[in-house]
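What follows is the residue order along each chain.
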Amino acid sequence: MTPPASGAQAGVASLRLLLPHLRPYAARAAGAAVALLLAAGLVLALGQGLRRLVDEGFADGAPGQLDRAALFLFAVVAALAVATSARFYLVSWLGERVAADVRRDVFGHVIGLSPAFFDTARTGDILSRLTADVALLQALIGSAISMGLRNVLTGLGAFAMLVATSPKLAGVVLVVVPFVVGPLVLFGRRERRLSRTAQERVADLAATAEEALNGLRTVQAFTHEPLERARFSAEAERSVEAALRRVASRSALILAVVLLGFGAITFSLWVGGRDVVAGRMTGGELSAFVFYAVLVASSGATLSELWGEIQRAAAAADRLAELLAVRPAIAAPPSPRRLPSPSAGRVAFEAVRFAYPTRPGAGALDGFTLRVAPGETVALVGPSGAGKTTVLQLLMRFYDPQAGRVLVDGVDIRAVDPADLRARLGLVPQEPVVFGASAAENIRYGRPDATDAEVRAAAEAAGAAAFIAALPRGYDTHLGARGATLSGGQRQRIAIARAVLRDPPILLLDEATSALDAESEDAVRRALERLSRGRTTLVVAHRLATVRRADRIVVMEAGQIVATGTHAELVREGGLYARLAALQFSDGA
Ligand SMILES: Nc1ncnc2c1ncn2[C@@H]1O[C@H](COP(=O)(O)OP(=O)(O)OP(=O)(O)O)[C@@H](O)[C@H]1O
């Protein structure tokens, strides 16, 4: 993934990403802060309750005093329970809400990125950012931040109480604090780096699994399950290694913090015990002191752990910010021109030169010039890799050419909003995408506001009505992820029905290269004939029936047009087309 400028942004500052997402919930956050303050105050009051219980309750054995001290403690505990539960609810609510909002925004951004981005990005990596990285942010808001604040508050409060109870002993604790905070900061930096690496390894793991699962049939057809298992297992090992480096660093930090923190408590108990024996301090004061000292130490320890978590979340925020900073290569110009309405359906390519961004050296189109009149059907033919599909991709403006222009109705398509352009185009791709939804929903994808009757009419026109009727639940039948339950020809007819619903002035067809059985080929051909009637049609043709029907055939080789004409003319000329026709169209020639 291309590292954008924000990737260099250092440290916890990356978490600023969350601020705009928290703002709408300011009232809830304030409520959570109040509950948090209350709970922290009540924890500190517990120490006072403890002192009263020990000093007043035990001192002269008066039963009334012990009862009152115990009751006070109970009241504090009850209030503490309510405040803690309220804080937990509000803070977890914020975590869930913000995580969902961040996911929505990141997905919303990614779905608008240009196809060029996905030529290099791995889907699994993006998925892992959407899930694992956002989960870290959720944990941060849903618990870490509130735990951190709580521990800062109780830690500071408890320290103040320490000073009030015994300045001398408090001094002992104070000496230890820099020893706890120092490593915390040092290890934190390291943690962030190690944790980013660990998260990247998890993303690699997800990407590996995603690729293998997507190509499951190919994997099994080649009996490459052992190979894929080994590949995944190697990735898993790499991910464990990265995680363990982080764990090791963290363990060292915990060792230091626990040793120093609780060592200091033991030391102050020892010193304080001598004061109690000498009568300079009451037993209740020492109990309260130890309670506060434990609070200070445990806050320190918790904060050091949290520091790690905050660093991990910062690394996650970095990875999300990186994704959000990718700008779509194709975007609407600041003041886009409108295409004429209704569209005439005129298409022109003028001296177009284009190489895919990932292969700048290998030109896919080279001086490609073609004018298509309104309503004309042009068939593009040529050997594999000649650049036929690329022509359609440039017309859809999935990529921009390096030189030359593409025009629709006389307007350079770079001057119009891509959405406006694509609204005039209907695409039936070589491998149509069928979503894991019902047959009706899949067809309605062509025009979401279409009525049931329109969906059925489109299916009828696409020659899909009969096979849909034969499905177990007709139009309501779920077609499985990626349309796994349909044949290639059926998937194509679903895609054609979509295009029928969309009713575009310009139609782009990329014929499937794989042979369909005679019956479904015939059904698809007739459906396409009906569809292209009266529209400008550009078709990447692999079948004789298609080229015969075309008004004009354009023969391409190595990104250039080498001949144009009708089937009969081109066969008579006896060039590349005649050879292709003899080979490819042997079925009917
Ligand atoms: N996304 C891509 N990134 C990089 N190179 C690509 C990409 N898509 C296609 N190419 C390359 O561009 C060239 C033209 O490809 P194109 O898909 O237009 O050929 P085609 O004529 O449609 O071939 P076919 O009949 O096999 O579908 C080929 O060399 C191909 O390898």
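Quantities reported herein were computed from a predicted structural model and do not represent experimental measurements.

## Section: the site of the ligand
- Inspection of the region around the ligand gives 16 residues, with Ser-384, Gly-385, Lys-388, Thr-389 and Thr-390 positioned closest.
- For the ligand, a nitrogen atom lies 3.5 Å from a polar atom in the side chain of Thr-358.
- At a separation of 2.4 Å, an oxygen atom of the ligand approaches a polar side-chain atom of Thr-390.
- The fraction of the free accessible surface of the ligand (630 Å²) that becomes covered by protein chains is 72%.
- In terms of residues, the shell around the ligand owes the most to one element, helix H10 (residues 388-395), which gives three residues.
- The class makeup of the residues in the shell around the ligand is five nonpolar, eight polar and three charged.

## Overview of the sheet that holds strand E10 (residues 560-565)
- Read from one edge to the other, the open sheet built from six strands follows the order E6-E7-E8-E3-E9-E10, with strand pairing classed as mixed. Every interior strand has two partners, whereas the edge strands, strand E6 (425-428) and E10, have only one. Within the sheet, the average angular offset between the axes of one strand and its neighbour, ignoring direction, is 20°.
- Pairing analysis gives five bridges linking strand E9 (residues 552-557) to E10, with the strands arranged antiparallel. Of the residues in E10, the one forming a bridge with Val-555 is Ala-563.
- Packed on one face of the sheet, helix H19 (residues 576-584) meets strand E3 (377-381), E9 and E10 and runs near 95° to E9.

## Some points on the pairing of E9
- Judged from the four bridges that link them, E3 and E9 form a sheet pairing that is parallel. Paired with Val-378 across the two strands is Arg-552, which belongs to E9.

## Observations concerning the sheet that holds strand E2 (residues 363-372)
- Strand order in the open sheet made by the four strands is E2-E1-E4-E5, with antiparallel pairing throughout. In the strand order of this sheet, the two ends are held by E2 and strand E5 (411-412), each with one partner.
- Direction of pairing for strand E4 (residues 403-408) relative to E5: antiparallel, over a ladder of two bridges. From the neighbouring strand, Val-408 faces E5, where its bridge partner is Val-411.
- This element, H10, spans strand E1 (347-355), E2 and E4 of the sheet and lies at about 110° to E1.

## Some points on the nonpolar core
- Membership of the largest hydrophobic core comes to 45 residues, with the highest contact counts inside it found for Ile-443, Ile-468 and Ile-553.
- Of all the elements, helix H15 (residues 488-502) adds the most residues to this core, at six residues.
- Setting aside anything within four residues of it in sequence, one finds Ile-443 in contact with Val-455, Ala-458, Ala-459, Ile-468, Tyr-475, Ile-494, Ala-497, Arg-498 and Leu-501.

## As for the UniProt feature "transmembrane region" (unreviewed entry) in the protein chain
- The residues that UniProt annotates with the feature "transmembrane region" (unreviewed entry) are residues 25-49, 69-90, 169-187, 252-271 and 286-303.
- With 96% helix and 0% strand, residues 25-49 has end C-alpha atoms that lie 36 Å from one another.
- For the annotated span residues 69-90, helix accounts for 100% and strand for 0% of the residues, and the straight-line distance between the end C-alpha atoms is 32 Å.

## Thoughts on the pattern of salt bridges
- On inspection of all chains with the given rule, the structure shows 27 salt bridges.
- Asp-400 is paired through a salt bridge with Arg-397; the nearest N and O atoms lie 2.8 Å apart.
- Salt-bridge contacts for Glu-454 lead to Arg-447; the nearest nitrogen and oxygen are separated by 3.5 Å.
- Accessibility expressed as a relative area gives 26% for Arg-447, which makes it partly exposed.
- The structure contains a network of salt bridges with shared partners spanning Arg-122, Arg-201, Asp-204, Glu-211, Glu-235 and Arg-238.

Calculation rules
In every chain, residue numbers begin from 1 and rise along the written sequence. A pLDDT threshold of at least 70 governs which residues receive local features in this predicted model, and a stricter bar of 80 or more applies before side-chain atom pairs are shown or counted, although totals over entire chains, interfaces and linings include all residues. Water and hydrogen atoms were dropped before computing side-chain values, which therefore reflect all heavy atoms in the structure. Whether a residue is near a molecule or strand depends on its heavy atoms: it is near if one of them lies within 4 Å of it. In protein, a polar contact means a hydrogen-donor-capable atom and an acceptor-capable atom, both N or O and within 3.5 Å, with residues adjacent in sequence counting only if both atoms are side-chain atoms; elsewhere, any N or O pair within 3.5 Å suffices. Shrake-Rupley sampling with a 1.4 Å probe provides the accessible areas, and residues are treated as covered by the protein chains on show and by no other component. Secondary structure elements are defined from DSSP: runs of H or I of at least 4 residues count as helices, runs of E of at least 2 residues count as strands, and each element is numbered from the N terminus. Under the scheme applied here, ten amino acids are nonpolar (Ala, Val, Leu, Ile, Met, Phe, Trp, Tyr, Cys and Pro), four are charged (Asp, Glu, Lys and Arg), and all others, including Gly, are polar. By definition, two strands form a pair when at least two bridges between them are found by DSSP. The axes are straight lines fitted to the C-alpha atoms, using for helices just the contacting stretch, and the angles between their N-to-C directions are given from 0 to 180°. By the convention used here, residues are in contact when the closest approach between their heavy atoms is within 4.5 Å. The term nonpolar core refers to a set of buried residues drawn from Ala, Val, Leu, Ile, Met, Phe, Trp, Tyr and Cys, joined through side-chain atoms within 4.5 Å. Summary of the burial criterion: residues with accessible area below 20% of their type's maximum are buried, those above 50% are exposed, and those between are partly exposed, where the area comes from a 1.4 Å probe applied to protein chains only. UniProt positions are given in the numbering used here, feature names are shortened, and annotations may be inferred rather than shown by experiment. A pairing counts as a salt bridge when a side-chain nitrogen of Lys or Arg comes within 4 Å of a carboxyl oxygen of Asp or Glu.

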